[in-house]
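# Descriptive analysis of the structure
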Amino acid sequence: MEVRVQDIRKEFGRFPALEKVSLDIRSGELIALLGPSGSGKTTLLRLIAGLESPTDGTIFFGDADASKKTVQERNIGFVFQHYALFRHMTVIDNVAFGLKVRPAARRPSAADIRKRAEDLIELVQLGGMEKRYPAQLSGGQRQRVALARAMAVEPNVLLLDEPFGALDAQVRKELRRWLREIHDRTGHTTVFVTHDQDEALELADRVVVMSKGRIEQVGTPDEIYDTPNSPFVFGFIGQSNTLPVRVENGQLWLEDRSIGVSAPGEPQGPAELYFRPHDIDLLDGCGGCLAGVVTISRRVAGTRHVELDIAGSTRRIEIELPADVAAAPGTRIAFRPNRWKLFRS
Amino acid sequence: MTASLPQRWQFRQPSVIPGFGLALGVTLSWLILIILIPLSGLAWRSSALGWSTFWTLATDQRTLNALKISFGTAFVAALANVVFGVLLAWVLVRYRFFGRRVIDAMVDLPFALPTAVAGIALTTLYAPNGWIGSLLTPLGIKVAFTPVGIVFALIFVGLPFVVRTVQPIMEEIDREVEEAAATLGASRFQTVSRVLLPGLAPAVLTGFALAFARGVGEYGSVIFIAGNLPYVSEIAPLLIVIRLEEFNYPAATAIAAVMLILSFVMLLVINSIQAWSRRRYGYGT
Amino acid sequence: MAHDALAPASGNTSEMVRSATSESRLARYGLIALSLAFVGLFLVMPLAIVFTEALRNGPGRFYEALADPETWAAIRLTLLVAAIAVPLNLVFGIAAAWAIAKFEFKGKAFLTTLIDLPFSVSPVISGLVFVLLFGSHSLLGPWLSSHGIKVLFAVPGIVLATVFVTFPFVARELIPLMQEQGTSDEEAALSLGASGWQTFWYVTLPNIKWGLLYGVLLCNARAMGEFGAVSVVSGHIRGMTNTMPLQVEILYNEYNFVGAFAVATLLALLALVTLVIKSLLEFKFSAQIAAARKH
């Protein structure tokens, strides 16, 4: 089901957690809410669930206004960060809970409930563990039970709060791939919250980058990485360098020297130059370039990470070079960004 | 060679911390002197009675009635304490209201108030001319000097056991669990009755057992309010005292032995339930 | 205050959302009212009646009742018994907690169970065991009486029964607390060259002092208030072997209600002071005694 968040504002006491946030979630898509802690991503997720109520604004499920509905009436599936499994219930009782508590008129027969729960347990690859208690499962297994339990109620939308946050790196990776498969098979509209950019970029159809209670950018992982539209997104996603430059006559200047980059159409004046470490061309001579002295040179797998002191700037710059370029500390390197963006404060 | 040797039996794991011998020595000597020798004296004296004498004394009608009254009233009072104790713990943990801290402190009153004081206070309250008794008498309800009075006194002494066992477990309940139940469509009543309370069961059971055990042995708060009518409202500990005053040591010993055995059996059962709960659900108290 | 008073612990969410994870206002009101009624009926009124009964014939009669020499003898005896029993169990409690919390050894769980044993024994039986041990029919009885040593119906018997009953209190508070604190502090002190006693005195004791005080407080309350066990071994000799709780019983059974309740007020005040200090300790040092909250 399609979910529309319209001009949602949320304050906790005096503290604004979300400011005028709007977001359209398409039916059947897997969307990530990505941001540092305190960015409001979990608050947004809980607002969609109905676990918090907005100070202002509306949330639509399809065409229906869901804002006035309680969490019970919204029929959503929520997977909690620490799973929140019912520890006195077996796996199958946990999964069947949402169906068992329905009012008699809408409750499937006991046999149907059982069948549905068993199918879901099979889907999350826990067949044979129906009679176990949460305490007898590993972290990854608990996570799957939590997911099966959330899916059992045929939710309008599946909401996951840091779904892999409590797992170790290896299990995380496996579950990530597996969640994508499950999503593709079941087609639930799914929103998940994460602070891990790799997770968001690898898993989601679209990524919502959030900061300080606002949405910074919404886009596919490629759009987010390749064309960040704000300094925050540039800085938060992947590695990036910034330099204070000046635009003069369609050229970029650092201090009193042109760096050999033309910026046609940019207004005159100071700006911040953003570029990624690997988006550079190495130059032999310097007739309009960025140049600096190598301070640290590290070999990381197939590339060489080099930190430079750029003359005239106190900023440290990191660039990536082919591993076979010898960049000993103390040597001078000249380069020019080939893909960049300017932001003005 | 050494690797194939079976691991040597070790009384204690090595530790750099000193004082083990001294601490354990003091503990064991004190334990043996104060607890074990006196208790084994009781065991020895009851076994010296011989089985048939013991059986005759233990199955004496007055003794049986006293035991029935002690265990019966303690059971009823512990049940009442489960209801009120869980209610109180819930209110203290979940709600913020004026006077909450005072109530929280008051819950320990039965631990701190000498039982004799509790006994005369409750009796005066529930006597036919007391503050509460005078209200109940016109309704035909008699509390003081009946088994109901015993139950009331035992509710008083047992209350903190249930509250103080359940309260910390309730404080630890993860909010997420309640939210999870709500997102799955459970009404508040369903969340409380099907998710929260069953999760508290091991703690409630422990509290019940503690209140029950205390109630069975309780003496001071009960004897004033009970009326102490043989066969009707005479509790087992009182019968022990009466037999002692008659210098009928064998009878006193026999009753005490029966009470101890029953109490230990009960503690054993409770302990195994807890161990089972811990194994199964990964928690227990 | 009124609306504040009923906010759920988490606060800060609108009524609609709150209904998902808390009870309706009506249910909250109802549950609080029910609890207050129960506490009022079962805890507050018994406490209140102690004071009103003691003062029902005016403060004059109240002081008169307290000035009775037999009452004074009972107070002195109670203080004496507590002054002997509490330090003994304090030493034992620290030793037991040290052995159990700082070391791993075979039979530890069993030892812990044995320490808790007096909690599951009826006070009357706690007294009875000493009657059986020292009474004239016992093995020791004739030997004791031939040497002129009086244990039963005398102060030593009362002390013994009190020690028995209050045996687990200090140990019970300290064991979970010291277990939670682990052994790394002590190991650090030892590695810096401190002796065993220095380690205990400068490192362990400061870590457990509030928990220890808490345990001593409970131990003392029970020692001064114990009735059943002491009643069996004391012999109820007026002015000689009557502790305060026994004096309450005697006066009450003689229909001297003002006298009984006058002595009872002292014990009730002791209980109140215990509760206040206990609450203060819990409030100020909750982290230090939280491990031992369960009794």
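Residues numbered from 1 in each chain as written. Chains lettered and ligands numbered in written order. Predicted model: local features only at pLDDT ≥ 70, side-chain atom pairs only at ≥ 80, totals over all residues.

## Focus: the domain arrangement of chain C
In many reports, interface size means the accessible area that the parts give up when they come together. Residues and elements named next belong to chain C. Put simply, the rule reads: Annotation comment: domain bounds sourced from an automatic or database domain assignment. Working definition of a contact: two residues with C-beta atoms, positioned from the backbone, lying within 7 Å. Note on residue classes: Ala, Val, Leu, Ile, Met, Phe, Trp, Tyr, Cys and Pro are nonpolar, Asp, Glu, Lys and Arg are charged, and everything else, Gly too, is polar.
Domain annotation of chain C identifies domain 1 (1-54) and domain 2 (58-293). Each of domain 1 and domain 2 has a C-alpha centre, and the two are 35 Å apart. Each side of the interface is counted separately: domain 1 has five residues, and domain 2 has eight residues. Here the residues of the side of domain 1 that touches domain 2 sort into four nonpolar, no polar and one charged.

## Considerations on the sheet that holds strand 4 (residues 56-61) of chain A
Residue and element names in this part refer to chain A. Keep this limit in mind: Whether two strands pair comes down to DSSP finding at least two bridges between them. A run of DSSP states H or I qualifies as a helix once it reaches four residues; a run of E qualifies as a strand once it reaches two. Both are numbered from the N-terminal end. Note on geometry: axes are C-alpha line fits, over the in-contact stretch for helices, and angles between N-to-C directions span 0 to 180 degrees.
The strand order across the open sheet built from four strands is 2-1-4-5, with neighbouring strands paired in antiparallel fashion. The sheet is open, and its two borders are formed by strand 2 (15-25) and strand 5 (64-65), each paired with just one other strand. Bridge count for strand 1 (residues 3-12) against strand 2 is seven bridges, and the pairing is antiparallel. Paired with Glu-11 across the strands is Pro-16, a residue of strand 2. Most of the contacts of helix 1 (residues 41-49) go to strand 1, to which it runs at about 115 degrees, and overall it touches strand 1, strand 2 and strand 4.

## A look at the interface of chain C and chain B
Across the boundary between the two partners, chain C contributes 82 residues, which contact 80 residues of chain B. For the side of chain C that touches chain B, the element with the most residues is helix 2 (residues 25-54) of chain C, which contributes 16 residues. In terms of residue class, the side of chain C that touches chain B is made up of 57 nonpolar, 13 polar and twelve charged.

## Some points on the environment of A:Val306
Residues and elements named next belong to chain A. Short version of the rule: Exposed residues have 12 or fewer other C-beta atoms within 10 Å of their own C-beta, buried residues have 20 or more, and residues in between are partly exposed; the C-beta atoms are placed from the backbone.
Tracing the sequence through the fold places Val-306 in strand 17 (residues 303-310). Residue Val-306 is classed as buried on the basis of its 24 C-beta neighbours within 10 Å. Note: C-alpha distance between Val-306 and Ile-333 (27 residues apart in sequence) is 9.7 Å. Among residues more than four places away in sequence, those in contact with Val-306 are Val-294, Ser-297, Glu-318, Ile-319, Leu-321, Ala-327 and Ile-333.

## Thoughts on the sheet that holds strand 9 (residues 206-211) of chain A
Residue and element names in this part refer to chain A. The sheet built from six strands is open, its strands ordered 6-7-8-3-9-10 with mixed pairing. If you trace the sheet from one side to the other, it starts and ends with strand 6 (77-79) and strand 10 (214-219), each paired once. Pairs of neighbouring strands in the sheet enclose a mean axial angle of 15 degrees, with direction left out of account. Inspection of the sheet shows strand 3 (residues 30-34) paired to strand 9 by four bridges, in the parallel sense. Counted as the bridge partner of Ala-32 is Val-207 from strand 9.

## Concerning the packing of helix 4 (residues 69-102) of chain C against helix 8 (residues 155-166) of chain C
Packed helix pairs are specified by the crossing angle of their axes together with the interaxial distance, meaning the distance between the axes. All names here are of chain C. Put simply, the rule is: Small angles under 35 degrees read as roughly parallel and large ones over 145 as roughly antiparallel, with 65 to 115 read as roughly perpendicular and the rest as oblique. Each crossing gets its hand from how the near helix is turned against the far one by less than a right angle, where anticlockwise is left-handed and clockwise is right-handed.
Axis separation between helix 4 and helix 8 bottoms out at 9 Å; the angle between their running directions is 40 degrees. Taken together, helix 4 and helix 8 sit at an angle that is classed as oblique. Note that helix 4 runs across helix 8; the crossing there is right-handed. In contact with Val-81, Ile-84, Ala-85, Leu-88 and Asn-89 of helix 4, helix 8 contributes Ile-158, Val-159, Thr-162, Val-163 and Thr-166. Its residues assigned to classes, the contact of helix 4 with helix 8 shows seven nonpolar, three polar and no charged.

## Looking at helix 2 of chain C
Condition: Here the expected span of a helix is defined as 1.5 Å times the quantity of residues minus one. At any given residue, the bend is defined as the angle formed between two axes, one fitted to the seven residues that end at that position and one fitted to the seven that begin there.
The end-to-end C-alpha distance of helix 2 of chain C is 41 Å, a good match for the 44 Å that 30 residues give at a rise of 1.5 Å each. Its maximal kink placed at C:Gly40, helix 2 of chain C deviates by approximately 40 degrees.

## A look at the confidence of the model for chain C
The predicted coordinates ought not to be read in detail in places where the model reports low pLDDT. Residue and element names in this part refer to chain C. In plain terms, the rule: Per-residue confidence from the predictor is given as pLDDT, running between 0 and 100.
Across chain C, the average pLDDT comes to 86, with 90% of residues at or above 70. Segment residues 1-13 is flagged for pLDDT under 50; beyond a separation of four residues in sequence, or across chains, it makes 21 contacts in the model. With a pTM of 0.84, the predicted complex shows an ipTM of 0.89.

## What about helix 6 (residues 169-186) of chain A?
All names here are of chain A. The line we're drawing: Note that the arc is defined by the directions from the helix axis to the C-beta atoms.
The end-to-end C-alpha distance of helix 6 is 26 Å, a good match for the 26 Å that 18 residues give at a rise of 1.5 Å each. Inspection of helix 6 places Leu-179, Ile-182 and His-183 among the buried residues, and these make up the whole buried set. Around the axis of helix 6, the buried residues are gathered within 95 degrees of arc, so they sit on the same side. Projecting away from the buried face of helix 6 at angles above 90 degrees are the exposed residues Gln-170, Glu-174, Arg-177, Glu-181, Asp-184 and Arg-185.

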